[in-house]
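Structural characterization, general
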Amino acid sequence: MTTTNDEAYPFNGTILIDQDLADNFLAEQLHPEIFEAACNSAGQTLTLGRHAGYDYGYFFISTFIEAHLRHYAVQLGQILKLTRCRVYGDKPTRLARGAI
């Protein structure tokens, strides 16, 4: 969530999290269900993937990193386009399929 002048509002996009269920810190420190509940409460869209059989290691990261890079590249592109529209008055355009 973003905070401006003591007002909190959701990120205008979807947060993507992939959680490995064999992570040693999952039960004691990470608590993705608390983050999920906070997002629901704030109206923040969230995609929370839970993956059995992974710990937080090379294979987990290498399996999901491309999807995260693509997801956040699109999210950042939308933010930059909206900012440009506000500053320059341009009409927003959609990314071509497969552009990222």
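Being a predicted model, the structure only gives us computed values, none of them experimental.

1. Describing the overall build of the protein
Along the protein, the regular secondary structure elements total three helices and four strands. Put simply, the protein runs from its N terminus to its C terminus through helices and strands in the order β-β-β-α-α-β-α. Put simply, 66% of the contacts in the protein that link residues at least 6 apart link residues at least 24 apart. Entry remark: accessible area of the protein is about 7,700 Å², with carbon and sulfur atoms responsible for 56%.

2. Here we look at a nonpolar patch on the surface
Taken together, Tyr 56, Ile 61, Ile 65 and Leu 69 make up a surface patch of nonpolar side chains, about 410 Å² in accessible area. Among the structural elements, Ile 61 can be located in helix α3 (residues 58-88).

3. Regarding unusual backbone geometry
Unusually for a residue other than glycine, His 31 sits at a positive phi of about 45°. Along the polypeptide, His 31 turns up in the loop between α1 (26-30) and α2 (32-42).

4. Focus: the pattern of salt bridges
Enumeration over the complete set of coordinates arrives at two salt bridges. For Arg 50, the salt bridge identified is with Glu 36, shortest N-O distance 2.8 Å. A residue pair is termed long-range when its members are at least 10 positions apart, and Arg 50 in strand β4 (residues 45-51) and Glu 36 in helix α2 qualify at 14 residues. Residue Arg 50 is classed as partly exposed on the basis of its relative accessible area, which comes to 40%. Relative accessible area serves as the criterion here: at 26%, Glu 36 is assigned to the partly exposed category. Among the ionic pairs, Arg 70 bridges to Glu 66, the shortest N-O distance being 3.0 Å. In this pair, Arg 70 and Glu 66 are both assigned in helix α3, four residues apart and thus about one turn of the helix distant.

5. A closer look at the side chain of Asp 20
Along the polypeptide, Asp 20 turns up in strand β3 (residues 14-20). Arg 50 is the oppositely charged side chain nearest to the buried, salt-bridge-free Asp 20, at an N-O distance of 11 Å. Within the structure, Asp 20 has its side chain in polar contact with the side chain of Gln 19 (distance 3.3 Å).

6. Focus: the side chain of Gln 75
Tracing the backbone shows Gln 75 in helix α3. Reaching out from Gln 75, the side chain makes a polar contact with the backbone nitrogen of Thr 14 at a distance of 3.1 Å. Every residue in contact with Gln 75, bar those within four places of it in the chain, is listed here: Phe 11, Asn 12, Gly 13 and Thr 14.

7. Re the environment of Phe 25
Along the polypeptide, Phe 25 turns up in the loop between β3 and α1. Accessibility expressed as a relative area gives 46% for Phe 25, which makes it partly exposed. Between the C-alpha atoms of Phe 25 and Tyr 56, which are 31 residues apart in sequence, the distance is 9.4 Å.

Each value, and the rule that gives it
- All residue numbers refer to position in the chain's written sequence, counted from 1.
- Reporting of local features is limited, given that this is a predicted model, to residues whose pLDDT is at least 70; pairs of side-chain atoms are given and counted only at 80 or more, and all residues count toward the totals for whole chains, interfaces and linings.
- Heavy atoms throughout the structure, all of them, feed into the side-chain values; hydrogens and water do not.
- The numbering of helices and of strands both runs from the N terminus, where a helix is a DSSP run of H or I of at least 4 residues and a strand a run of E of at least 2.
- Contacts were defined at the residue level, with two residues in contact if any of their heavy atoms lie within 4.5 Å.
- Areas reported as accessible are Shrake-Rupley estimates using a 1.4 Å probe. Residue values count occlusion only from the protein chains shown.
- The residues that make up patches have over 30% relative accessible area and no salt bridge, and they are joined within 9 Å when like-charged or within 5 Å when they are Val, Leu, Ile, Met, Phe, Trp or Tyr.
- One side-chain nitrogen of Lys or Arg within 4 Å of one carboxyl oxygen of Asp or Glu is enough to make a salt bridge.
- Type-normalised accessible area, obtained with a 1.4 Å probe on protein chains alone, sets the label of each residue: buried when under 20%, exposed when over 50%, and partly exposed for intermediate values.
- All tallies of charge rest on Lys and Arg as positive and Asp and Glu as negative; His and the ends of each chain are not included.
- Polar contacts, as counted here, are pairs of nitrogen or oxygen atoms within 3.5 Å of one another; within protein the pair requires one atom able to donate a hydrogen and one able to accept it, and residues that are adjacent in sequence qualify only if both atoms are side-chain atoms.

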